[in-house]
Amino acid sequence: TMNHQKKTICIAGSMLLPIKVGEPAMIREHDGGYRHTTTVLKMDKLSDSEIKFETQNTHYVLHLTKAKVVAV
């Protein structure tokens, strides 16, 4: 295999669907944009608020942000 460095992207946002190996990830970014990745190859849940995953092209670190909820 070729040994080239993949870029790493850190994202703050939420998952539109659970991240699954073998499928693209769909992320809603904190700024309101959306990111649709290539196929996920590996995934690690680092904590309740942080997920690290690797696609064919990129390493991602997703910092999960809570959906905006109005407190009553």
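Structure first, text after, so check above.
Residues numbered from 1 in each chain as written. Predicted model: local features only at pLDDT ≥ 70, side-chain atom pairs only at ≥ 80, totals over all residues. Heavy atoms only, no water.

Tell me about the overall build of the protein, and name the residues and values.
When helices and strands are counted, the protein shows zero helices and five strands. Each helix and strand of the protein, placed in order from N terminus to C terminus, yields the pattern β-β-β-β-β. Every one of the 72 residues in the protein was classed for burial, and the buried ones make up 25%. Put simply, 33% of the contacts in the protein that link residues at least 6 apart link residues at least 24 apart. Summed over its atoms, the accessible surface of the protein is roughly 5,400 Å², and 55% of this surface lies on carbon and sulfur atoms. (Helix = DSSP H or I, 4+ residues; strand = E, 2+ residues; numbered from the N terminus. Buried < 20%, exposed > 50% of the residue type's maximum accessible area, 1.4 Å probe, protein only. Contact = heavy atoms within 4.5 Å. Areas by Shrake-Rupley, 256 points an atom, 1.4 Å probe, with all protein chains shown as cover.)

So what's going on with the pattern of salt bridges? Which residues, and what values?
Under the defined criterion, the tally for this structure stands at four salt bridges. Notably, a salt bridge pairs E54 with K6, separated by 2.6 Å at the nearest N-O pair. With E54 in strand 4 (residues 50–55) and K6 in the segment before strand 1 (7–15), the pair connects residues that are 48 residues apart, well separated along the chain. Taking relative accessible area as the criterion, K6 reaches 18% and is therefore assigned buried. Judged by relative accessible area, E54 falls into the buried class, the value being 13%. (Salt bridge = Lys/Arg side-chain N within 4 Å of Asp/Glu carboxyl O.)

Talk me through the side chain of T37; I want residue IDs and the actual numbers.
By secondary structure assignment, the location of T37 is in strand 3 (residues 34–47). Separated by 2.9 Å, the side chain of T37 and the backbone nitrogen of A25 make a polar contact. The residues touching T37, leaving out its near neighbours within four places in the chain, are P24, A25, F53, T55 and Y60. (Polar contact = N/O pair within 3.5 Å; in protein donor to acceptor, adjacent residues only side chain to side chain.)

With reference to specific residues and values, describe the packing of aromatic side chains.
Tallied over the entire structure, the rule returns one aromatic pair. Aromatic side chains F53 and Y60 sit 4.9 Å apart centroid to centroid with 15 degrees between the ring planes, which places their arrangement in the stacked category. Each member of the pair, F53 as well as Y60, carries the same accessibility label: buried. (Phe/Tyr/Trp six-rings, centres within 6.5 Å; stacked < 30°, edge-to-face > 60°.)

I'd like a rundown of the environment of K20, residues and numbers included.
Assignment of secondary structure puts K20 in the loop between strand 1 and strand 2 (24–29). Judged by relative accessible area, K20 falls into the partly exposed class, the value being 44%.

All we've got here are geometric facts, nothing functional implied.
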